[in-house]
Amino acid sequence: MPYDATPRPGSTADPRDAGPQPYHRLLRNPVTAGWTVVLGAFAVLAGWMFLSLLIQVVGFAIRKDPEGTISWFGLLTTNLTLIVLIPLTMLVATRLNKQTPGLLSSVVGRIRWRPMLWFGLAAVVVELVMLGVIKVGGVELLSGDGKGAAADAAGVIAVVLLTSSLQAAGEEYFFRGYLLQAVGAFVRSSVVAVVVTTVLFTMAHGVWPWESPALFLDRFAFGLVAGFLAVRTGGLEASIAAHAANNVVTFIYAALTNSVNASLNASDAGWGLVAVDISKFVLFGVVAVLLARRQDLATTCDLPLVHAPVIGGPGKRLV
């Protein structure tokens, strides 16, 4: 039985929720108490703050970039501070909330690699097409110093290719993974869960509508599409692919135009660029849904939502 709807004191279980559960409701079960879900969100945040500070301190001790610049090493340090969100979210979900391992990745309890590859290919194609539209249409991008590629462009590109996809996955595991399921533990509506986590995602990027309405809308639109895809495809594969493709293409282009710092620390954006970005997000969302339908991806969970009981002593579990 994939879901025991028998309510227990303090649990998030609801007798109205019998049967297979959608992705955003996978932290709602008879074992996980609501307070542990709230505690879990703060535990991930606290763990991330500690580890990211540690990584930055070590990074600065090794090499500190001049003010207003980002080297390949600085980009690597930044990416590592976000990659740590992957093990942190998994650890909290499985240990504190007692969730079945893998349910942050998808409703089948693991990353679905073949769909991930298809989503990734589609995302890269969409990114390149839209980059072409930007160049042909003369849309203003975040600019560098106008002197060609960055001095360490090869190093930046290597860091991007090796770590930017994992960095994007880290953000997705936290915002479209743990937080989406955490909100879903308290509200049935996937729309509410997606909107709430999208607001948190946009705020986490330090973007406010009164400072840069265009950039705020850009980040907000991506969060909406990524959250919608997590629910609609039953996992994080599509949102990771979109996020990774966006970051990889953006920062490779930034390395070739010496605009890495401008791209990483953007505080404003033109409406033309935002219009293209939103069109890109929506286009990929449509393509991803069609790909998910073609591959008949599961969107509800048929696995036990919590760890199976220990049978026969330590280390033995029913699966």
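Residues numbered from 1 in each chain as written. Predicted model: local features only at pLDDT ≥ 70, side-chain atom pairs only at ≥ 80, totals over all residues. Heavy atoms only, no water.

In terms of helices and strands, the chain carries ten helices and two strands. For the chain, the succession of helices and strands along the chain, N to C, is β-α-α-α-α-α-α-α-α-α-α-β. Contacts in the chain between residues far apart in sequence, at least 24 positions, make up 78% of those at least 6 positions apart. In the structure as shown, the chain presents an accessible area of about 15200 Å², 69% of it carried by carbon and sulfur atoms. (Helix = DSSP H or I, 4+ residues; strand = E, 2+ residues; numbered from the N terminus. Contact = heavy atoms within 4.5 Å. Areas by Shrake-Rupley, 256 points an atom, 1.4 Å probe, with all protein chains shown as cover.)

The next thing to look at is the pattern of salt bridges. This model, assessed by the stated rule, comprises six salt bridges. The residue Glu-172 makes a salt bridge to Arg-176 at a minimum N-O spacing of 2.7 Å. Here Arg-176 and Glu-172 lie together in helix α5 (residues 153-184), a separation of four residues that amounts to about one turn. Summarising the burial analysis for this pair, Glu-172 and Arg-176 share the class buried. Between Arg-219 and Asp-218 there is a salt bridge whose closest N-O contact spans 3.0 Å. (Salt bridge = Lys/Arg side-chain N within 4 Å of Asp/Glu carboxyl O. Buried < 20%, exposed > 50% of the residue type's maximum accessible area, 1.4 Å probe, protein only.)

Moving on to the packing of helix α7 (residues 213-233) against helix α8 (residues 237-256). A pair of packed helices is captured by two measures, namely the crossing angle of their axes and the spacing between those axes. Viewed as axis vectors pointing N to C, α7 and α8 meet at an angle of 150°, and their least axial separation amounts to 7 Å. The pairing of α7 with α8 is recorded here as roughly antiparallel in orientation. Contacts between α7 and α8 involve Phe-222, Ala-226, Leu-229 and Thr-233 from the first element and Ala-238, Ser-239, Ala-242 and His-243 from the second. (Axes fitted to C-alpha atoms, helices over the stretch in contact; angles between N-to-C directions. Parallel < 35°, antiparallel > 145°, perpendicular 65-115°, else oblique.)

Right, let's talk about the packing of aromatic side chains for a bit. What the rule picks out here adds up to seven aromatic pairs. Each ring, one from Trp-72 and one from Phe-73, has its centre 5.7 Å from the other, and the planes form 90°; the classification is edge-to-face. Its relative accessible area of 13% is what places Phe-73 among the buried residues. One aromatic cluster in this structure is built from Phe-174, Phe-175, Phe-201, Phe-222 and Phe-281. Note that Lys-64 overlies the ring of Phe-60, its terminal NZ or CZ placed 5.8 Å from the centroid. (Phe/Tyr/Trp six-rings, centres within 6.5 Å; stacked < 30°, edge-to-face > 60°. Lys NZ or Arg CZ within 6 Å of the ring centre and 35° of its normal.)

The axis of α5 is deflected most strongly, by about 50°, at Thr-163. Extensive coverage of α5 is indicated by the burial of 24 of its 32 residues. (Bend = angle between axes of the 7 residues up to and from the residue.)

So, on to the confidence of the model for the chain. Per-residue confidence for the chain gives a mean pLDDT of 89; residues scoring 70 or more make up 89%. Per-element confidence in the chain is highest for α5, whose mean pLDDT is 97, and lowest for helix α9 (residues 260-264), whose mean pLDDT is 89. Note that pLDDT drops below 50 for residues 1-5; the model gives that stretch 23 contacts with residues more than four away or on any other chain. Confidence drops under pLDDT 50 across residues 313-319; counting only partners more than four residues distant or on other chains, this segment forms ten contacts. (pLDDT = per-residue confidence, 0-100.)

The subject of this paragraph is helix α1 (residues 34-62). Between its terminal C-alpha atoms α1 stretches 42 Å, which fits the 42 Å expected from 29 residues at 1.5 Å a residue. Among the residues of α1, Gly-34, Thr-36, Val-37, Gly-40, Ala-41, Val-44, Gly-47, Ser-52, Ile-55 and Gly-59 are the ones counted as buried. Its buried side turned inward, α1 meets α2 (72-83), α3 (85-96) and α5. (Expected span 1.5 Å × (residues − 1).)

Mapped onto the fold, Asn-247 is located in helix α8. Those residues in contact with Asn-247 that lie beyond four places of it in its chain are Val-160, Gln-167 and Ala-168.

Looking now at the nonpolar core. Proteins that are soluble and globular tend to have nonpolar side chains buried together. Judged by nonpolar contacts, the single largest core of 57 residues is most densely connected at Phe-119, Tyr-173, Tyr-178 and Phe-284. Residue assignment for this core shows that the elements contributing at least two residues are α1, α3, α4 (113-137), α5, α6 (190-204), α7, α8 and α10 (271-294). A per-element tally of this core places α5 first, with nine residues. Residues contacting Phe-284, with those up to four places away along its chain left out, are Phe-119, Ala-122, Ala-123, Leu-229, Ala-238, Ala-241 and Ala-242. Counting eleven residues, the second-largest nonpolar core is a separate cluster that includes Leu-75, Ala-150, Val-248 and Val-260. (Core = buried A, V, L, I, M, F, W, Y, C linked by side-chain atoms within 4.5 Å.)

Further remarks concern a nonpolar patch on the surface. Together, Val-191, Val-192, Val-195, Val-196, Val-199, Leu-200, Met-203 and Leu-224 line one region of the surface with nonpolar side chains, adding up to about 560 Å² of accessible area. When residues of the nonpolar patch are assigned to their parent elements, the largest contribution, seven residues, is made by α6. Along the chain, the position of Val-196 falls in helix α6. A residue is classified by how much of its surface remains accessible, and Val-196, at 34% relative accessible area, is partly exposed. (Patch = residues over 30% accessible without salt bridge, like charges linked within 9 Å, V, L, I, M, F, W, Y side chains within 5 Å.)

Moving on: the environment of Gln-181. Its place among the elements puts Gln-181 in helix α5. In sequence terms Gln-181 and Arg-25 are 156 residues apart; their C-alpha atoms lie 5.7 Å from each other.

As a further point, take the packing of α7 against α10. Look at α7 against α10: their axes get within 9 Å of each other, and the N-to-C directions meet at 5°. Classed by the angle they form, the pair α7 and α10 counts as roughly parallel. On the side of α7, the interface is formed by Pro-213, Ala-214, Leu-215, Leu-217, Asp-218, Ala-221, Phe-222, Val-225, Phe-228, Leu-229, Arg-232 and Thr-233, while α10 contributes Trp-271, Val-274, Asp-277, Ile-278, Phe-281, Val-282, Phe-284, Gly-285, Ala-288, Val-289, Ala-292 and Arg-293.

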